[in-house]
Amino acid sequence: MYYQELPPHPALRPYVACLWRSGSAGGAPFRVLPDNCIDILWQDSGRQAFAVGMMSRAIHVTPSGMTRTVAVRFKPGAAGLFLGVPLHEMTDLDVPITEFARLGEVERLTDRLWGAGVDDVQRLRMIEDHFLARLHHLAPPAGTSLIGAALAALDGSGGALRIDTLAAQLAVSRQHLAAQFRTQVGLSPKLYARIQRFRHATAALRVSEARDWAQLAQDCGYFDQSHLIRDFKEFAGSTPQDFTP
């Protein structure tokens, strides 16, 4: 199995986290954890290309045969510009990209991607060119400055910022913030923040063998160790002690 990320064109960097490619020859099932991003995937398995919405829980994937994947990963709050739908409608779902009229002629793109003599890097550049062309026809939806500020504050705090405090800082009601966040990000701001804390904790476990769970909870913005355990069970299906990256 291989996995590689490529940086996007400078014009796409406000919206796209990366372009990526992977390959799997089958084997054991693996787990994909919530990451607060939306991806569009093209695979050579014959399956129609699809967008994966924001995830509120882990998903388990069972590879079947050799499958190559090329994909684009959007930054939080950015996919709606290209998909043109309220993003909470996609949460925990994958949706064929032909459902999104705003993406343009994606069937033609798909045909070109898997043509003879095209390698993965060329495929990713084709995808990049497609989104660069779409960008010239699109305008950000209303409320993006509010959500951009909210995301920056939550990400900057590692998800530790309280939503009441965030709403007060942005001079909006918590209800208005939540409604805009669900539409433009795909999750409630509280759930988004919880996943950010969880990601912070899993990243810490990947680089350190330290297992002081109370200290980890404190470092990652959790109220206490029990909240850390709750999030691991919900988002990874395991306790922190049993978690394997």
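Reading the values: rules and limits
Residues numbered from 1 in each chain as written. Predicted model: local features only at pLDDT ≥ 70, side-chain atom pairs only at ≥ 80, totals over all residues. Heavy atoms only, no water. Helix = DSSP H or I, 4+ residues; strand = E, 2+ residues; numbered from the N terminus. Polar contact = N/O pair within 3.5 Å; in protein donor to acceptor, adjacent residues only side chain to side chain. Pairing = 2+ DSSP bridges. Axes fitted to C-alpha atoms, helices over the stretch in contact; angles between N-to-C directions. Contact = heavy atoms within 4.5 Å. Expected span 1.5 Å × (residues − 1).

*Asks:* So what's going on with the environment of Asp 119? Residues and values would help.
*Replies:* Note on placement: Asp 119 falls in the loop between α2 (106-113) and α3 (120-135). A distance of 3.2 Å separates the side chain of Asp 119 from the backbone nitrogen of Val 121, its partner in a polar contact.

*Asks:* Any chance you could break down the sheet that holds strand β4 (residues 38-43) for me, citing the residues and the numbers?
*Replies:* The 6 strands lie next to each other as β1-β2-β7-β4-β5-β8, forming an open sheet whose pairing is antiparallel. The two strands at the open ends of the sheet, each matched to only one other strand, are β1 (2-6) and β8 (94-96). Across the sheet, the mean angle separating the axes of adjacent strands is 25° when strand polarity is ignored. Pairing of β4 with strand β7 (residues 67-74) involves 6 bridges; the strand directions are antiparallel. Looking at β7, one finds that Ile 38 is bridged to Phe 74. Where α3 meets the sheet, it contacts β1, β2 (16-24), β4 and β7, and its direction lies at approximately 35° from that of β7.

*Asks:* Could you give an account of helix α4 (residues 144-156), with specific residues and numbers?
*Replies:* Helix length check: α4, at 13 residues, gives a terminal C-alpha distance of 18 Å against a target of 18 Å (1.5 Å per residue), a fit within 8%. Of the surrounding elements, those touching the buried residues of α4 are α5 (163-170), α6 (174-184) and α7 (189-207). Downstream of α4 by a residue or two, Gly 158 has a phi angle that is positive, lying close to 65°.

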